[in-house]
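Here is what each chain is made of, one letter per residue.
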Amino acid sequence: MRAEELKTIVVIGAGIMGQQIAMNTAIKGRASGYQVILCDSFPAAVEKAQTWADKYLAGRVAKGRLTQEQVDDVKANLTITGDVDGSAAKGDLVIEAIIEKLDVKRELFERISRLCRPDTVLATNSSNIVSSKLADVTEHPERLMNIHYFNPALVMELVELVRGPHTGDEAVELARTFAINTGKSPIVLNKEIAGFVANRILIPMINEAAFIKMEGVSDIAGIDTAMKLGANHPMGPLELGDFIGLDICLAIMDVLYKETGDSKYRACPLIRKMVRGGNLGCKTG
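Residues numbered from 1 in each chain as written. Predicted model: local features only at pLDDT ≥ 70, side-chain atom pairs only at ≥ 80, totals over all residues. Heavy atoms only, no water.

**Observations regarding helix α2 (residues 43–62)**
An α-helical turn contains 3.6 residues, so any two residues separated by three or four positions project in the same direction.
Stage number 1. With 20 residues, α2 should cover 28 Å at 1.5 Å per step; its first-to-last C-alpha distance of 29 Å lies within 8% of that length.
Stage number 2. Listed in full, the buried residues belonging to α2 are Ala45, Val46, Ala49, Ala53, Leu57 and Arg60. Seen from one end, α2 has its buried residues packed into an arc of 95°, which puts them on one side. Every exposed residue of α2 that faces more than 90 degrees away from the buried side is listed here: Pro43, Ala44, Glu47, Lys48, Thr51, Lys55 and Ala62.
Stage number 3. Buried residues belonging to α2 abut α1 (16–28), β2 (35–39), α3 (68–77) and β3 (78–81).
Stage number 4. A positive phi of about 75° marks Gly64, the residue just after α2. (Helix = DSSP H or I, 4+ residues; strand = E, 2+ residues; numbered from the N terminus. Expected span 1.5 Å × (residues − 1). Buried < 20%, exposed > 50% of the residue type's maximum accessible area, 1.4 Å probe, protein only. Arc of directions from axis to C-beta. Contact = heavy atoms within 4.5 Å.)

**Things to note about helix α5 (residues 102–115)**
Stage number 1. If you check α5, its first and last C-alpha atoms are 20 Å apart, about what 14 residues at 1.5 Å a residue would give, namely 20 Å.
Stage number 2. Taken as a whole, α5 has its buried residues at Lys105, Leu108, Phe109, Ile112 and Ser113. Summarising the axial view, the buried residues of α5 lie within an arc of 120°, below the 170-degree limit, and thus occupy one face. Exposed residues pointing more than 90 degrees away from the buried face of α5 are listed as Asp103 and Arg114.
Stage number 3. Here the buried face of α5 lies against β1 (8–12), α4 (84–90), β4 (93–96), β5 (121–124) and β6 (144–149).

**A few points about the pattern of salt bridges**
Stage number 1. Evaluated as defined, the whole model comprises 16 salt bridges.
Stage number 2. Residue Lys105 pairs with Glu100 through a salt bridge whose shortest N-O separation is 3.0 Å.
Stage number 3. In this structure Lys105 comes out as buried when scored by relative accessible area, which is 0%.
Stage number 4. Arg176 serves as the salt-bridge partner of Glu173, at 2.8 Å between the closest nitrogen and oxygen. On the criterion of helical spacing, the pair formed by Glu173 and Arg176 is a turn pair, its members being 3 residues apart in helix α6 (residues 169–181). (Salt bridge = Lys/Arg side-chain N within 4 Å of Asp/Glu carboxyl O.)

**Overview of the sheet that holds strand β7 (residues 158–162)**
Two orientations exist for strands paired in a sheet by backbone hydrogen bonds: parallel and antiparallel.
Stage number 1. Taken in spatial order, the 8 strands line up as β3-β2-β1-β4-β5-β6-β7-β8 in an open sheet, and their pairing is mixed. Both outer strands of the open sheet, β3 and β8 (185–189), are each paired with one neighbouring strand and no more. The average undirected angle you get between the axes of adjacent strands in this sheet is 25°.
Stage number 2. In the packing of α3 onto the sheet, contacts are made with β2 and β3, and the angle to β3 comes to roughly 45°. (Pairing = 2+ DSSP bridges. Axes fitted to C-alpha atoms, helices over the stretch in contact; angles between N-to-C directions.)

**Structural notes on the nonpolar core**
In summary, soluble globular proteins display a tendency toward joint burial of nonpolar side chains.
Stage number 1. Grouped together as the largest cluster of nonpolar side chains are 40 residues, with contacts concentrated most on Met23, Leu93, Met145, Ile147, Tyr149 and Phe178.
Stage number 2. In terms of residue count, α1 provides more of this core than any other element does, 6 residues in total.
Stage number 3. Apart from the residues lying within four places of it in its own chain, the contact partners of Tyr149 are Met17, Ile21, Ile95, Asn125, Leu158, Val159, Phe178 and Lys184. (Core = buried A, V, L, I, M, F, W, Y, C linked by side-chain atoms within 4.5 Å.)

**Some points on the pairing of β6**
Stage number 1. Of all 6 residues making up β6, 6 are buried, and the element is well covered by its neighbours.
Stage number 2. Residues Leu144, Asn146 and His148 line one face of β6 and the alternating positions Met145, Ile147 and Tyr149 line the opposite face, and both faces are buried.
Stage number 3. Bridge analysis of β6 against β7 gives 4 bridges, and the strand direction is antiparallel. Looking at the pairing, Asn146 lines up with Val162 of β7.

**Some thoughts on unusual backbone geometry**
Stage number 1. In this model, Asn151 is joined to Pro152 through a cis peptide bond whose omega is 0°.
Stage number 2. Position of Pro152 among the secondary structure elements: in the loop between β6 and β7.
Stage number 3. Of note, the phi angle at Phe196 is positive, near 55°, even though the residue is not glycine.
Stage number 4. Following the sequence through the fold, Phe196 ends up in the loop between β8 and α7 (198–214).
Stage number 5. Look at Phe196 and you get buried, because its relative accessible area is 1%.
Stage number 6. The phi dihedral of Asn232 falls on the positive side, at around 60°, and the residue is not glycine.

**Description of the side chain of Ser87**
Stage number 1. Among the secondary structure elements, Ser87 is positioned in helix α4.
Stage number 2. For Ser87, a relative accessible area of 4% puts it in the buried group.
Stage number 3. Among all residues touching Ser87, those that are not within four sequence positions of it are Val10, Ile37, Cys39 and Thr81.

**Concerning the packing of aromatic side chains**
Stage number 1. Under the criterion given, the structure shown has 2 aromatic pairs.
Stage number 2. Geometrically, the ring pair formed by Trp52 and Tyr56 is stacked, given 5.3 Å between the ring centres and 20° between the ring planes. Taken together, the positions of Trp52 and Tyr56, both in helix α2 and 4 residues apart, correspond to about one turn of that helix.
Stage number 3. Taking relative accessible area as the criterion, Trp52 reaches 24% and is therefore assigned partly exposed. (Phe/Tyr/Trp six-rings, centres within 6.5 Å; stacked < 30°, edge-to-face > 60°.)

What follows is the structure in structure tokens.
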């Protein structure tokens, strides 16, 4: 498949990340003629995603960021549906953004890879489950890879394209072109490592900040101010952890610790306690 033949983009999973990946593609990919399908097997998720999309686009018009004509164009290019299998069968590029559970992802990729064309590029947005853990259940694994967006996907420019040992050059190049065409700056990882690049650096910083708080060295405001003013970071590590979601941070820490055995990745007990109590950051208020 040539890059100009990549037209139908399917995003599976209508949660926060899926919504934003689909919306970013529909807005920024208009010049490339991308048709976007956002799908989810849960009717409530589909309804919520449609409500969010309508509200978000209305807000763009109200703020002067998009014209009504542009919004009408975006709406014409964006479909939100509960038909996952039918949507996957239409895709030139399918991006999975469902729950971070390996068994659930494996079942999905095994099913949809039988429905997709042999040249369809299949990708997982996962930040800690590499595509090689899905390759054995996926037909045509040479078309399989990670395309990792950062939250919020509508704002964050970086996309990590992670090549597994099974991933072919053509799939990587198609994904790179797609990312550029949708306003992103992709980097290519030529091997799979736990945490990829950004999280491999960021997550230990968030973890260490939690240890400093737990040990009573400084309060939250002081820790975040230290990194904002001392390292010129736009937000402090504890604020960033709340923004990412402490459950996501913890999952990445556990993967890093399990796969490397390095104690520097051992999760702070305070983070584990907060996750156990349902205090995950911004998404839980």
